[in-house]
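Read off the chains here:
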Amino acid sequence: MLEIERGSTIQEKLHILADAAKYDVACTSSGVKRKGKEGSLGNAEACGICHSFSADGRCISLLKILLTNHCVFDCKYCVNRCSNDVPRAAFTPREICDLTIEFYRRNYIEGLFLSSGVMKSPDHTMEQMCEALRLLRTEYRFNGYVHVKAIPGASDELLAQAGCLADRVSVNLELPTAESLHQLAPHKSFQTILRPMAKLSHTIAAYRLEAGQNPSLERSRLNTQLPENIFRQREQVTIEGKERQRIGALPGDYGKEEKDKNQSGLRVKGQETWENKRGKTAGEEKQKTENLLKESEKLLPKIKGGAGRSRTFAPAGQSTQMIIGASGESDYHLLLTTQRLYQSYDLKRVFYSAYIPVNEDTALPALGTPPPLLREHRLYQADWLLRFYGFQAQELLSPQHPDFHPQIDPKCDWAIRNLGEFPVEVQTAPLHLLLRIPGIGPKSARRIIQGRRYGKLSFQDLKKMGVVLKRAHYFLTCQGRMMYKISLEESFIRNQMICLNEKENWQLSYTGSEKQLSLFDDFHLR
């Protein structure tokens, strides 16, 4: 391992640490809206932040860098593992602030994504990151969006500081099972990762309650109308017997002793949700709120802002990331883990990163193995179905059908395997059934609900409402008639769907010689 380069210019550090940060995929819309104010620089828009470029030329929304790529851990899948002979660099907190402000003033970015390797210890690294955020918020008066990756193992005080200074805090789960994590990252464990994740979740809920808000993060309005959505059904599905042995432990299974005492931030099986509080007295609700606030103070200390006021704690929530393809888990296991994370920790997003072989190891795919981009794409599509369409992981996949069809999107695949549910009559179908028809999304479903109040709908009307009829016409009827005379045969419809997705599948799986341009390598930006 090379030592951290001394005397490197800030441009040389930026080249090393921006390139090392490209494997983090948690760059997304900010999820928080904050207007600019006098005396401060920047703002944040919930609809998204744009106009920035990573080292390999990808357009991203944030300045995405590492504090340092020096790391004391030796994770087999990581390019920054301590046994790798790669150039090392480290920013000072003030250098991070200067970079962020200068990039912002040039309209390159509107926010900062800050992660890091573990230098010396988790506490030391997290202290440096918090110092950078403190300077950015106070001395530099930066009011824009900040997303920071928390370091598992850091103290509660540092975790609380990060939550009060950043808009979003995330803790990477890395791998979906404890067995895979132990095999590929022996210095890490589920307990050290899930412990801060649970504390963040509980503290975010407590701060929201203190501000008079729903303790759960805001979701799509459509979710309130779906009886089966995963955010309303907090009770977790019990998996037992041979299937439990095959699947192994899921994230919500850890810390059961603490959970029984209501000290881990996890929801106990059968525990009532905010949405199901109807019928409870005001006194019971008040007592439950006070208990959660006291519980929050035990988990993370309260950090005071200016003028003695408490700062908002991680208003954009928390997220996590899982590596796809480095270990042998099925899509069914990955999706179960995703659903459990949403239900137990109220995450805003779960991100998936297709593993790119960068290290030679017998426990990993061989160098040169193409990253599973199409599989990553299918998991993102399934994640969308969980969050916006009212699907459950156990509906999309099963032990008998553990992986997504590589050539058909998950919604079409589910519909083809459940042809007994179709065709659906659009004139009378409830919202949750409309959303299960391929080619109908949330917007077009709402338009159908509104439009049929005033008259009977035709296929031409559906097209104007945004329904993708080339997919949907196999699964719906208008006034009792299908668009074409076809037989509902699984093999026939599957072949038709494969043809429809052929171009998309090719684009996702194509590995040609073309590459994205790099600001550093191709345009020699220094």
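Note that this is a predicted model, so its numbers are computed, not measured.

**Q** Tell me about the environment of L379, and name the residues and values.
**A** Note that L379 resides in helix α11 (residues 373-388). Under the relative-accessibility criterion, L379 is labelled buried at 0%. Placed 25 residues apart in sequence, L379 and F404 show a C-alpha to C-alpha distance of 8.3 Å. Look past the residues within four positions of L379 in its chain and what remains in contact with it is I324, D331, L334, Y352 and F404.

**Q** Can you break down the pairing of strand β7 (residues 318-324) residue by residue, with the values?
**A** Most of β7 sits inside the fold, with seven of its seven residues counted as buried. Because side chains alternate across β7, one face comprises the buried residues Q318, T320, M322 and I324, and the other comprises S319, Q321 and I323, equally buried. Examined bridge by bridge, strand β6 (residues 168-170) and β7 share two bridges and lie parallel to one another. Opposite V169, over in β7, you have Q318 as the bridge partner. One ladder, built from six bridges, connects β7 with strand β8 (residues 349-354); its direction is parallel. Bridging across to β8, M322 finds its partner in Y352. Handedness of the β-α-β unit built from β7, helix α10 (residues 331-345) and β8 comes out right-handed.

**Q** I'd like to hear about the pattern of salt bridges, residue by residue, with values.
**A** Summed over the entire model, instances satisfying the criterion amount to 19 salt bridges. The partner of D383 in a salt bridge is R387, with the nearest N and O atoms 2.8 Å apart. Of this pair, D383 and R387 both sit in helix α11, four residues apart, which is roughly one turn of that helix. The burial state of D383 is the same as that of R387; both residues are buried. In this structure, R494 engages D413 in a salt bridge whose closest nitrogen and oxygen atoms are separated by 3.8 Å. With R494 in helix α18 (residues 490-500) and D413 in helix α13 (residues 410-417), this pair connects stretches of sequence that are 81 residues apart. Like D413, R494 is buried. Members of the salt-bridge network, linked through shared partners, are D413, R417, E490 and R494.

**Q** For the nonpolar core, give the residues involved together with the corresponding values.
**A** Membership of the largest hydrophobic core comes to 127 residues, with the highest contact counts inside it found for L462 and F475. If one sorts the elements of this core by residue count, helix α6 (residues 190-210) sits on top with eight residues.

**Q** Describe in detail the pairing of strand β4 (residues 111-115), supporting the description with residues and values.
**A** By the criterion of burial, β4 is predominantly enclosed, with five of the five residues buried. On β4, burial covers both faces: G111, F113 and S115 on one face and L112 and L114 on the other are all buried. Where strand β3 (residues 63-66) meets β4, four bridges bridge the pair, whose relative direction is parallel. Bridging across to β4, L66 finds its partner in S115. Regarding topology, helix α2 (residues 93-105) serves as the crossover connection from β3 to the parallel β4, and that connection is right-handed. With four bridges joining them, β4 and strand β5 (residues 145-149) adopt parallel strand pairing. Note that in β5 the partner of L112 across the bridge is V146.

**Q** Can you explain a positive patch on the surface? Please cite residues and give values.
**A** Together, R221, K443, R446 and R447 line one region of the surface with positive charge. Position of R446 among the secondary structure elements: in helix α15 (residues 442-451).

**Q** Account for unusual backbone geometry, with residues named and values stated.
**A** Leaving glycine out, the prevailing phi sign among residues is negative, and the prevailing peptide bond configuration is trans. Following F422, the chain continues into P423 via a peptide bond in cis, with omega recorded as 0 degrees. Residue R141 is not a glycine yet carries a positive backbone phi of 60 degrees. Its location among the elements puts R141 in the loop between α3 (122-137) and β5. On the accessibility criterion, R141 (38% relative accessible area) is partly exposed. Its identity as a non-glycine residue notwithstanding, Q479 has a phi of 55 degrees, on the positive side. Tracing the sequence through the fold places Q479 in the loop between β10 (476-477) and α18. Note on Q479: relative accessible area 43%, which makes it partly exposed.

So, how was this worked out
- Residues numbered from 1 in each chain as written.
- Predicted model: local features only at pLDDT ≥ 70, side-chain atom pairs only at ≥ 80, totals over all residues.
- Heavy atoms only, no water.
- Helix = DSSP H or I, 4+ residues; strand = E, 2+ residues; numbered from the N terminus.
- Buried < 20%, exposed > 50% of the residue type's maximum accessible area, 1.4 Å probe, protein only.
- Contact = heavy atoms within 4.5 Å.
- Pairing = 2+ DSSP bridges.
- Right-handed = clockwise from strand over helix to strand, strands pointing away.
- Salt bridge = Lys/Arg side-chain N within 4 Å of Asp/Glu carboxyl O.
- Core = buried A, V, L, I, M, F, W, Y, C linked by side-chain atoms within 4.5 Å.
- Patch = residues over 30% accessible without salt bridge, like charges linked within 9 Å, V, L, I, M, F, W, Y side chains within 5 Å.
- Areas by Shrake-Rupley, 256 points an atom, 1.4 Å probe, with all protein chains shown as cover.
- Lys, Arg positive; Asp, Glu negative; His and termini not counted.
- Charge placed at Lys NZ, Arg CZ, Asp CG, Glu CD.

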